[in-house]
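# An overview of the molecular structure
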Amino acid sequence: MNEIMNVIKSRRSIRSFSDEQIRQEEIDLILEAGMYAPSAAGRQAWHFSVVQNKHILDEISSEAKKIYCSMNNEFLKKLGSNEQFHTFFHAPTVIIVSGDVNSIAPNSDCAVAAQNIMLVAEALQIGSCWVSAAAVITQTGEGKKIIKDLELPEGYAPFNSIALGYKKTERLNAPPRREGVVTYIR
Ligand SMILES: Cc1cc2nc3c(=O)[nH]c(=O)nc-3n(C[C@H](O)[C@H](O)[C@H](O)COP(=O)(O)O)c2cc1C
């Protein structure tokens, strides 16, 4: 099978990580993949915060859980009130992908960068999981204070974050894909 297709199909969200930190050469490649994503008008209006500071990750997790508890969604409420739950699953590295809020399509720019990050992580046998927590906490004053510690460029805000680490779970196949999701117009 084509190599890229193999990586796309092998990637799954990983939520259990070894404590061992991933290597700097691996982080460099992963970041390069993010930077080579397409972006609206080619602006590359993104910023990547490589967070390995446990205290900051714990703060983001706690604040996001508070927000989940206040939301009108039973699934998120349950997660938010679960003391064992850590939004980043104690991953040793989290890349927070931020975008210039005044650029053309920051949410999409950051999403395609995130997908490149997750695919190259998979190619390196590194587990990854998209985590919404860093974007969610931009909603509160307390969250904004935590984001200040990320020293983002002026006008930038987190749009997504990717938990990264060596996998501590066995490989699971992707569930079957939904059918009937393609229409040809000829
Ligand atoms: C926009 C978006 C937000 C997501 N947010 C979270 C999240 O906050 N926490 C989490 O554990 N997974 C999150 N995920 C991962 C999805 O749950 C996961 O991709 C989905 O269940 C399919 O599983 P797979 O990635 O193994 O194919 C998110 C994925 C996307 C695309």
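Anything mentioned here points back to the structure above.
Okay, so let's go over this structure.

What counts as what
- Residues numbered from 1 in each chain as written.
- Predicted model: local features only at pLDDT ≥ 70, side-chain atom pairs only at ≥ 80, totals over all residues.
- Heavy atoms only, no water.
- Near = heavy atom within 4 Å.
- Polar contact = N/O pair within 3.5 Å; in protein donor to acceptor, adjacent residues only side chain to side chain.
- Areas by Shrake-Rupley, 256 points an atom, 1.4 Å probe, with all protein chains shown as cover.
- Nonpolar A, V, L, I, M, F, W, Y, C, P; charged D, E, K, R; others polar.
- Phe/Tyr/Trp six-rings, centres within 6.5 Å; stacked < 30°, edge-to-face > 60°.
- Buried < 20%, exposed > 50% of the residue type's maximum accessible area, 1.4 Å probe, protein only.
- Lys NZ or Arg CZ within 6 Å of the ring centre and 35° of its normal.
- Pairing = 2+ DSSP bridges.
- Helix = DSSP H or I, 4+ residues; strand = E, 2+ residues; numbered from the N terminus.
- Axes fitted to C-alpha atoms, helices over the stretch in contact; angles between N-to-C directions.
- Contact = heavy atoms within 4.5 Å.

Moving on to the site of the ligand. Taken together, Arg11, Arg12, Ser13, Arg15, Phe89, Cys129, Trp130, Val131 and Ser132 make up the full set of residues near the ligand. Arg12 is positioned with one of its side-chain polar atoms (N or O) 3.0 Å from an oxygen atom of the ligand. Ser132 has a polar side-chain atom sitting 2.9 Å from a nitrogen atom of the ligand. Look at the ligand: alone it shows 620 Å² of surface, and the protein chains cover 55% of it. Its residues placed into classes, the shell around the ligand shows 4 nonpolar, 2 polar and 3 charged.

With that settled, the discussion passes to the packing of aromatic side chains. Applying the stated criterion across every chain, the model contains 2 aromatic pairs. Taking the centre distance of 6.1 Å and the plane angle of 50 degrees together, the rings of Trp46 and Phe48 count as tilted. With respect to burial, Trp46 and Phe48 carry one shared label: buried. Between Phe85 and Phe89, the aromatic rings sit 5.9 Å apart at their centres with planes inclined by 75 degrees, giving edge-to-face as the arrangement. In this structure, Phe85 and Phe89 share a single accessibility class: buried. Across from the ring centre of Tyr184, 4.3 Å away, lies the NZ or CZ of Arg186, which sits over that ring.

Further remarks concern the sheet that holds strand β2 (residues 93-100). Taken in spatial order, the 4 strands of this open sheet run β1-β2-β4-β3, and their pairing is antiparallel. Single-partner strands in this sheet number two, and they are β1 (46-51) and β3 (126-131). Averaged over all pairs of adjacent strands, the angle between their axes in this sheet comes to 25 degrees, without regard to strand direction. Packing against the sheet, helix α2 (residues 24-35) makes contact with β1, β2, β3 and β4 (156-166), and its axis sits at approximately 160 degrees to β1.

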